[in-house]
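A structural walkthrough
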Amino acid sequence: MSPQPAMVEVRAVHKSFGPLDVLKGVDLRVAAGEVTVVIGPSGSGKSTLLRTLNHLEKVDSGTVAVDGTLIGYRRSGDRLYELREREILRQRTRIGFVFQDFHLFPHLTVVENLTEAPVSALGRSRKAATATALALLDRVGLADKADAYPRQLSGGQQQRVAIARALALEPKLLLFDEPTSALDPELVGEVLDVIKDLARRGTTMIVVTHEIGFAREVADTVVFMADGRIVEQGPPGQLLDAPREARTRAFLAKVL
Amino acid sequence: MPSGTLRTPAVPSSAPPPADGPPTGAAPPRVVARRPLGQWAAAAVVLVLLGLVLRSVAGNDAFRWDLVAAYFLTTPVLNGLLLTLGLTAAVLVLGFALGTLLATMRLAANPVLRGVSAGYIWLFRSVPILVQLLFWFNIGALYPTLLGVRTVHLLAPPVIAVLGLTLHEAAYAAEVVRAGILSVDRGQTEAAQSLGLGRWRRLRRIVLPQAMRSIVPPAGNMLIGTLKGTSVVSMIAVNDLLYSVQLIYHRTYQVIPMLMVATVWYVIITSLLSVGQHYVERRYARGTAGAR
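Residues numbered from 1 in each chain as written. Chains lettered and ligands numbered in written order. Predicted model: local features only at pLDDT ≥ 70, side-chain atom pairs only at ≥ 80, totals over all residues. Heavy atoms only, no water.

- Naming follows an unreviewed UniProt entry, where chain B appears as Amino acid ABC transporter permease of Streptomyces catenulae.
- Quoted verbatim from the Sequence similarities (unreviewed entry) heading of the UniProt record, the comment on chain B is "Belongs to the binding-protein-dependent transport system permease family." (UniProt positions renumbered as here; feature names shortened; annotations may be inferred.)

- Taking an unreviewed UniProt entry as the reference, chain A is identified by name as Amino acid ABC transporter ATP-binding protein belonging to Streptomyces catenulae.
- Taken directly from UniProt, the Subcellular location (unreviewed entry) text for chain A runs: "Cell membrane".
- Under Sequence similarities (unreviewed entry), UniProt gives the following word-for-word description of chain A: "Belongs to the ABC transporter superfamily."

1. Topic: the UniProt feature "domain: ABC transporter" (unreviewed entry) in chain A
- Within the UniProt annotation, "domain: ABC transporter" (unreviewed entry) is assigned to residues 8–252 of chain A.
- Secondary structure across residues 8–252 of chain A comprises 37% helix and 28% strand; the distance between its end C-alpha atoms is 26 Å. (Helix = DSSP H or I, 4+ residues; strand = E, 2+ residues; numbered from the N terminus.)

2. Let's talk about the sheet that holds strand E12 (residues 229–234) of chain A
Residue and element names in this part refer to chain A.
- Taken in spatial order, the six strands line up as E8-E9-E10-E3-E11-E12 in an open sheet, and their pairing is mixed. Two strands in the sheet have a free side with no partner beyond their single neighbour: strand E8 (95–98) and E12. When strand polarity is set aside, the average angle formed by the axes of neighbouring strands in this sheet is 15°.
- In this sheet, strand E10 (residues 204–208) lies alongside strand E3 (residues 35–39) in parallel orientation, the contact comprising four bridges. When the sheet's bridge partners are listed, Val37 is paired in E10 with Val207. (Pairing = 2+ DSSP bridges. Axes fitted to C-alpha atoms, helices over the stretch in contact; angles between N-to-C directions.)

3. Focus: the interface of chain A and chain B
- The partner chain B presents 25 residues to the 28 residues of chain A that form the contact.
- Of the roughly 2,300 Å² buried between chain A and chain B, counting both surfaces, carbon and sulfur atoms make up 53%.
- The interface formed by chain A and chain B holds five salt bridges in total.
- With a closest N to O distance of 2.8 Å, Glu116 of chain A and Arg201 of chain B form a salt bridge.
- The interface formed by chain A and chain B contains seven residue pairs in polar contact (both at pLDDT 80 or more).
- Listing elements by their share of the side of chain A that touches chain B, those giving two or more residues are helix H2 (85–92), E8 and helix H3 (110–121) of chain A.
- Top contributing element to the side of chain A that touches chain B by residue count: H3 of chain A, with four residues.
- Class assignment of the residues belonging to the side of chain A that touches chain B gives a composition of 14 nonpolar, six polar and eight charged. (Contact = heavy atoms within 4.5 Å. Buried area = accessible area lost by both parts, 1.4 Å probe. Salt bridge = Lys/Arg side-chain N within 4 Å of Asp/Glu carboxyl O. Polar contact = N/O pair within 3.5 Å; in protein donor to acceptor, adjacent residues only side chain to side chain. Nonpolar A, V, L, I, M, F, W, Y, C, P; charged D, E, K, R; others polar.)

4. Observations regarding the packing of helix H3 (residues 75–106) of chain B against helix H10 (residues 241–252) of chain B
Residue and element names in this part refer to chain B.
- One way to put it is that H3 packs onto H10 with a least axis distance of 7 Å and a crossing angle of 155°. The pairing of H3 with H10 is recorded here as roughly antiparallel in orientation. The residues of H10 that touch H3, namely those facing Pro76, Val77, Gly80, Leu81 and Thr84, are Leu241, Ser244, Val245 and Ile248. (Parallel < 35°, antiparallel > 145°, perpendicular 65-115°, else oblique.)

5. Focus on the confidence of the model for chain B
- Residue-level pLDDT values for chain B average 88, and 90% of them are 70 or greater.
- Averaged pLDDT values for the elements of chain B fall to 79 in helix H6 (residues 151–154) of chain B and rise to 96 in helix H4 (residues 111–126) of chain B. (pLDDT = per-residue confidence, 0-100.)

6. Quick word on the nonpolar core
Residues and elements named next belong to chain A.
- Within the largest apolar cluster, 49 residues are counted, with the highest numbers of intra-cluster contacts made by Ile39, Leu137, Ile163, Phe176 and Met205.
- Of all the elements, helix H6 (residues 185–200) adds the most residues to this core, at eight residues.
- Apart from the residues lying within four places of it in its own chain, the contact partners of Met205 are Glu34, Val35, Thr36, Leu173, Leu174, Phe176, Ile195, Leu198 and Ala199.
- Among the nonpolar cores identified, the runner-up in size contains 37 residues, and Met7, Tyr73, Ile95 and Phe99 belong to it. (Core = buried A, V, L, I, M, F, W, Y, C linked by side-chain atoms within 4.5 Å. Buried < 20%, exposed > 50% of the residue type's maximum accessible area, 1.4 Å probe, protein only.)

7. A short note on the pattern of salt bridges
- One pass over the structure, following the stated rule, counts 19 salt bridges over all chains.
- Note that Glu85 of chain A and Arg202 of chain B form a salt bridge whose closest N and O atoms lie 3.0 Å from each other. Highlighted residues: Glu85 of chain A in helix H2 and Arg202 of chain B in helix H9 (residues 199–229), drawn from two different chains.
- Its relative accessible area of 6% is what places Arg202 of chain B among the buried residues.
- Among the salt bridges present, the one from Arg178 of chain B reaches Glu175 of chain B, with a minimum N-O distance of 3.1 Å.

8. Regarding unusual backbone geometry
- A positive phi angle, near 65°, is found at Phe102 of chain A, a position not held by glycine.
- Following the sequence through the fold, Phe102 of chain A ends up in the loop between E8 and H3.
- With relative accessibility at 10%, the residue Phe102 of chain A sits in the buried group.
- We note that Arg64 of chain B has phi near 50°; this positive angle belongs to a residue other than glycine.
- When you line up the elements, Arg64 of chain B lands in the loop between helix H1 (37–59) and helix H2 (65–72).

9. Let's talk about the UniProt feature "transmembrane region" (unreviewed entry) in chain B
Residues and elements named next belong to chain B.
- Taken from the UniProt record, the annotation "transmembrane region" (unreviewed entry) applies to residues 40–58, 78–102, 122–143, 155–174 and 255–276.
- Taken end to end, residues 40–58 has its terminal C-alpha atoms 27 Å apart, with 100% of it in helix and 0% in strand.
- This span, residues 78–102, is 100% helix and 0% strand, and a straight line between its end C-alpha atoms measures 35 Å.

10. Some words on the UniProt feature "domain: ABC transmembrane type-1" (unreviewed entry) in chain B
- In the numbering used here, UniProt assigns the feature "domain: ABC transmembrane type-1" (unreviewed entry) to residues 81–274 of chain B.
- End-to-end, the C-alpha atoms of residues 81–274 of chain B are 18 Å apart, and along that stretch the chain is 79% helix and 2% strand.

11. Side note on empty space enclosed by the protein
- On inspection of all chains with the given rule, the structure shows four cavities of 30 Å³ or more.
- Taken as a whole, the largest cavity encloses approximately 50 Å³ of empty space.
- Every residue along the wall of the largest cavity is listed here: Thr52, His55, Val59, Gly62, Thr63, Val64, Leu70, Ile71, Tyr73 and Leu80 of chain A.
- For the lining of the largest cavity, the element with the highest residue contribution is strand E4 (residues 61–66) of chain A, accounting for three residues.
- Taken together, the residues of the lining of the largest cavity break down into six nonpolar, four polar and no charged.
- Lining the second largest cavity, in full, are Ile95, Gly96, Phe97, Arg165, Ala166 and Leu169 of chain A together with Ser194 and Leu195 of chain B.
- For the lining of the second largest cavity, the elements supplying multiple residues, two or more each, are E8 and helix H5 (155–167) of chain A.
- Class assignment of the residues belonging to the lining of the second largest cavity gives a composition of five nonpolar, two polar and one charged. (1 Å grid on protein atoms, 1.4 Å probe; cavity = no way out; pocket = protein on both sides within 12 Å on 5 of 7 lines; lining within 4 Å. Points joined across faces, edges and corners; volume = space filled by probe spheres on them.)

This is the structure:
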């Protein structure tokens, strides 16, 4: 076991959509300050797993804990009671989520996208939130776009704004759901650069992606999922270059 | 079209020109648009017909345009107009407030809330507005007293007008708002949830402002419909614009001129509302392509 405390602790999580079992007992431990990259074929449950980590998806059984706190449920004896929405929303402010399709608020300017949650969910003053927002935009290289509307930006710029929006709540954990899959190939690099910068600063992150090169460069741990299970995990050098499982080898042979 | 016409001057002039193409090196051929002669002929016929109608209207003394002008700005007419405008505004605001509540109920997970909302919309869309107004007008027959007060005193005709029109409006507004909410990408709600925004805040700050783009055009339509629809309250002796001119023509027997007074006012207000709608639409188009 890693010497660092676990930031994320997933135990025996099962999830089905009707007759379709999407997660069939997933265990995952992510140490604080580490970057975990999740790879695997479409429909393997990667995104669903990520969405259970901030309770965008409810679990059927099993537990998800972030920084020692159960997410979405309260344990009493051998029962898990779902929390009230207000408590779940408070938990989510500590977990940043970046979507494949950005989901910026199109009717708000870039800086308003960044200040909305700190003002309404954390009770910050608009002035303080704006100062933080401008600093974050500077960090993702978009200081000059503060007053633009999202649709005036390229896909890569929009995703960088979305990352800054997640950072505005100063989360302990950042989750990325295929952050570059909706981008034109020439825009992928600028988004990955921002994520790499966050990795260097020691942000705990879980990134679901198809970018194997990015996984090799940035990940502390690569997790390979298939068919609702974690097939194997390990440092990128081991998992990507010398996978133990046949399924991992078959997948890598297709994407590399 | 012969391929030769697409040639650019970059083609070496030594190459032999195609038989049906233009001489190379010459200026590019001029474009001549097709002339829609048939449409121009139709337009001329329409103009002549329109002229005949206008001449007959202007030349018909029974319109009594002098009387229209004389009564147009009189106190009873203006009071009636004011009541019509107030009634329209009250019904729009209250109708959309109730309609938004019904729309959120209709979209709730709870089957009872959904069912009650659907039932309301079904019932109030099924009964003609005039029948509803007459029903409320006679509600005293069912409940002689309400809250310890005689119903006829509590529910005066203007109150019944607001009540009846609002309940009717809300059923339609609910569907307009529901369509607007459904037009907003589900990802917007998820993004707001992941940022910890509460249910009410999500609706007010994220979903409804985006839904407004789809809500405003049909709502503008409804507003104009409501403005004109308020004229049915003249049936329960509420002193609106139509009822005011009716009072006058019952006395003077100048039916057509007085109806023209009301008609011109309705047209003026409707035109102003259409202009207003344009600006409201522009406001809610913020952030969309081509708008700033």
